[in-house]
Amino acid sequence: MKKILFVLLLFITYVSCKNTIEPRKTGLITKNAMVVSARSEASEIGSNILKKDGNAFDAMAAMQLALAVAYPYAGNIGGGGFMVYRKSNGDIGALDYREKAPLAATKDMYLDENGDVIPEKSTLGAMAIGVPGSLAGIFAVHEKFGSLPIEDIIKPSIDLAYKGVIVTQKQEARIKKYQPYFLKANKDSILFDKAWKMGDTIKYPALANTLERILDHGVNEFYKGGTAKRLVKFIQENGGVLTEEDLAKYEVKWRKPVTFKYDDLKIISMSPPSSGGICLAQIMTMIEPYDLNKFGHNSVKSIQVITEAERRAYADRSFYLGDPDFVNIPGDTLISKSYLKDRMIDFSFKKATLSSDVSHGDVQVVESDETTHYSIVDQFGNAVSVTTTINGAYGSKLYCSDLGFFLNNEMDDFSSKPGVPNMFGLIGAVANSIVPEKRMLSTMTPTIVEKNGKLFMVVGTPGGSTIITSVLQTILNVHEYNMTMQEAVNAPRFHHQWLPDEIRIEPNLFDDTLIFQLEKLGYSINEKDSPVIGKVDGILVLDDELLEGGADYRGDDTAVGF
C-alpha cells in the first residue's frame with residue numbers, strides 16, 4: 001500500500017510540475033529612467049547623468065564619450081554614428097554624425113591598375129579613415145537639447161580614463177584576436193599589444209588628456225585646434241590623405257527620420273545615408289499581410305516570410321541607397337505599399353525564391369558584430385536611440401598613442417567598386433560610390449517605436465549587415481510573439497541579405513527538423529559564419545509605464561536605471 005501511495009504521490013508531483021508555467025524572463029525593471037549599453041561603466045555614467053536631473057540628450061553625449069573609454073572595440077571619438085530621438089511631447093528627429101570621405105578621396109582610390117580592389121587598403125591603416133563625426137555629434141546634441149553644463153558631460157569619462165577599465169573575459173578574447181592586425185597597421189607598439197587578461201585594468205591617460213583639452217577649448221579643439229594638427233600629422237605620417245581642412249569643414253546633419261506604420265505601431269528609424277530605416281520599412285511592410293503570430297516564433301512559415309522580405313529589401317538597398325546630399329533616393333516609392341506588394345508577388349510558401357531571380361551577383365560574406373548601440377529613456381519621457389561605430393573591430397586598427405584612440409575604417413562602407421562586396425559582404429552600386437565629402441552608406445538602425453501614440457520601445461544593435469534584421473526580429477518578438485524585452489533580445493536570430501543566397505542562423509539554437517524543412521524548400525542554411533547576429537540593447541515601456549531594459553547576453557551589455 002505504501003508503495004502504491006508513493007508512486008501516486010510521484011505521479012501527482014510530476015503532473016503538477018508539468019502544469020507549472022515557467023516564470024517569464026525579464027530584464028531590469030525601473031520606474032523613472034533606463035539606459036542600456038555595451039558596458040556597465042557607460043551605462044552607470046548615463047544613469048548618473050539622469051540622476052543629476054540631466055535629460056536623455058545629456059546622457060547620450062556622456063555615454064558616447066564613456067564608450068570611447070570603456071569599449072574601444074567600437075565606442076569612439078574617432079568614428080561617427082546616428083541618433084534618433086523622440087521628445088516627451090512626441091516631437092521626433094534624427095542626427096547624422098556619420099563620417100565623410102576626405103577631400104582627396106577619389107572613386108577609384110582602392111583599385112589597382114587592373115581595376116581590381118586592393119586587399120586591406122580600405123580596411124586597414126590610414127587610407128581607410130573617414131573624417132570623424134563623433135565629437136561634432138556630441139556637441140551638436142548638447143547645444144540643441146542638453147540641460148547640464150558640458151563639464152558634467154565630459155568629466156566622468158576623463159575620470160574613467162584615468163582610473164582605468166577592468167578587462168572582461170570577452171574583451172580579453174577580442175584584444176587577443178585582433179593583435180596581429182594592430183602590428184600590421186601601426187609602426188610603433190601600442191597600448192593594446194600587451195597580453196591583457198581578464199581582471200586587468202587598462203588606463204587611458206592620453207585619451208584623458210585629449211578630453212581635458214576638449215573640455216577646456218570646446219569642440220573646435222578637435223576640428224580646428226592643436227588636437228586637429230596632431231591628429232592630421234599622425235594620419236599623414238602613416239600614409240593617409242586626411243587634412244586639417246577636412247576636419248575644419250566637417251558638419252553634422254539634422255535629418256528627418258523614416259516613419260511608417262505596422263499594425264498599431266508607428267516605427268521611427270534612421271534615414272539615409274543609413275539604409276536602416278528604409279530597409280526596415282520595406283521588410284515590415286512586406287510581412288505585415290501575413291499572420292506571423294499564428295505561424296509562431298521562428299517557425300518554418302515565419303522564417304520564410306521574413307527571409308523573402310529581407311532578400312528583396314537588401315537587393316534594393318544595394319542599388320538605390322547612398323548619401324541623400326549626393327544622390328536622389330526614391331524613398332517614398334521604396335516604402336510604398338503598392339511597390340512592396342509587387343515585390344512579394346512571386347513569393348510562395350512552396351519553395352524558396354532564388355536571389356539570382358531577384359537580381360544577380362556572387363558574393364562571399366564576412367560576418368562582423370562591430371559597432372555599438374545604446375538606448376535611453378529619461379525621467380521626463382524623452383527617448384534616444386544611438387548607434388555609433390568605427391566600422392570594423394577597433395576600426396582601421398591604427399591607434400594614435402599621442403591622443404589615445406583608434407581611427408575608423410569607414411571608407412570601406414563605400415562601394416570601392418560597384419558590384420564588389422565590402423567587409424560585411426554587402427554589395428554596393430554607383431549610388432554609394434566614393435566622392436569627396438560624401439557620407440558612406442550604413443546599415444545602422446537606431447529605432448524608436450510608438451504604440452497608440454505613446455512611447456513603446458527603444459531599440460538598436462551592432463552587427464554589420466545583420467543590424468537591420470536583428471532590430472526587426474526584436475520588434476516582432478515583442479509585438480507578434482508577446483515576449484518581454486529580455487526574451488526578445490535573447491531569442492535566437494537569423495539573417496538573409498540577398499547575397500550570398502543563404503539564411504545565416506546562430507549555431508546550435510535552431511531545431512534540426514526546422515533546418516531540414518527549410519532546406520527541403522530550397523533554402524541554403526549557414527550556421528558556421530554567424531556565431532553572433534547582433535547584440536541588441538532595448539527598452540520597453542510596460543502597460544503600467546514601468547521600464548524594462550533588455551541587455552544582450554551575447555556581449556557585456558548592461559541595463560542601469562532608477
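As a reminder, the structure under discussion sits directly above these lines.
Residues numbered from 1 in each chain as written. Predicted model: local features only at pLDDT ≥ 70, side-chain atom pairs only at ≥ 80, totals over all residues. Heavy atoms only, no water.

A word on the layout of surface pockets
Any empty space left between atoms is shown by rolling a water-sized probe over those atoms. Which entries qualify depends on this criterion: Cavities and pockets were defined on a 1 Å grid built from protein atoms only: a cavity is a group of points that admits a 1.4 Å probe but offers it no way out, a pocket is an open group of points flanked by protein on both sides within 12 Å along at least five of seven lines, and a lining residue is one with an atom within 4 Å of any such point. Grid points are joined across faces, edges and corners, and a volume is the space filled by probe spheres set on the points. Only DSSP runs of H or I with at least four residues qualify as helices, and only runs of E with at least two residues qualify as strands; both kinds are numbered from the N terminus onward. All residues other than Ala, Val, Leu, Ile, Met, Phe, Trp, Tyr, Cys, Pro, Asp, Glu, Lys and Arg, Gly among them, are scored as polar; the first ten of these are nonpolar and the last four charged.
Of the volumes computed, that of the second largest pocket is approximately 450 Å³. In terms of lining residues, the second largest pocket is bounded by 18 residues, among which Lys454, Leu455, Val541, Leu542 and Glu545 are the most central. Top element by residues in the lining of the second largest pocket is strand S15 (residues 454–459). It accounts for 3 residues. When the residues that make up the lining of the second largest pocket are grouped by side-chain class, the tally is 6 nonpolar, 5 polar and 7 charged.

Some thoughts on helix H5 (residues 150–163)
To keep things clear, this is the line we draw: Any helix carries an expected span of 1.5 Å times its number of residues minus one. Partly exposed residues are those whose accessible area sits between 20% and 50% of the maximum for their type, while under 20% is buried and over 50% is exposed, using a 1.4 Å probe and protein chains only. Taken from the helix axis, the directions to the C-beta atoms give the arc we talk about.
Between its first and last C-alpha atoms H5 spans 21 Å; for 14 residues at 1.5 Å apiece the expected length is 20 Å, and the two agree. Among the residues of H5, those classed as buried are Ile153, Ile154, Ser157, Ile158, Leu160 and Ala161. For H5, the arc enclosing every buried residue in end-on projection is 160°, short of the 170-degree limit, so these residues lie on one face. Count one or two residues on from H5 and you reach Gly164, which has phi positive near 100°.

A look at the packing of helix H11 (residues 276–287) against helix H17 (residues 467–479)
Selection criterion: Axis definition: a line fit to C-alpha positions, over the contact stretch in the case of helices; interaxial angles, taken between N-to-C directions, run 0 to 180 degrees. With respect to orientation, any angle under 35 degrees is reported as roughly parallel, any angle over 145 as roughly antiparallel, any angle of 65 to 115 as roughly perpendicular, and every other angle as oblique. Helix crossings are classified by the rotation of the near helix relative to the far one: an anticlockwise turn of less than a right angle makes the crossing left-handed, while a clockwise turn makes it right-handed. Contact definition: two residues touch when any of their heavy atoms are within 4.5 Å.
Running from N to C, H11 and H17 point in directions that differ by 45°, and their axes come no closer than 10 Å. Taken as axis vectors, H11 and H17 run oblique relative to one another. Between H11 and H17 lies a crossing whose hand is right-handed. Residue-level inspection shows Gly276, Cys279, Leu280, Ile283, Met284 and Ile287 of H11 in contact with H17, the latter providing Ile468, Val471, Leu472, Ile475 and Leu476.

Observations regarding the nonpolar core
Operational definition: The definition of a nonpolar core used throughout is a set of buried Ala, Val, Leu, Ile, Met, Phe, Trp, Tyr and Cys residues joined through side-chain atoms within 4.5 Å.
In terms of nonpolar packing, the biggest core is built from 84 residues, with Met60 and Ile376 touching the most fellow members. The greatest single-element share of this core, amounting to 13 residues, is contributed by helix H3 (residues 56–70). Each residue touching Ile376, except ones within four places of it in the same chain, is listed here: Met34, Val35, Leu50, Ala56, Ala59, Met60, Met63, Asn382, Ala383, Val384, Val458 and Ile539. Ranked by size, the runner-up nonpolar core spans 64 residues in total, among them Tyr262, Leu280, Met483 and Phe494.

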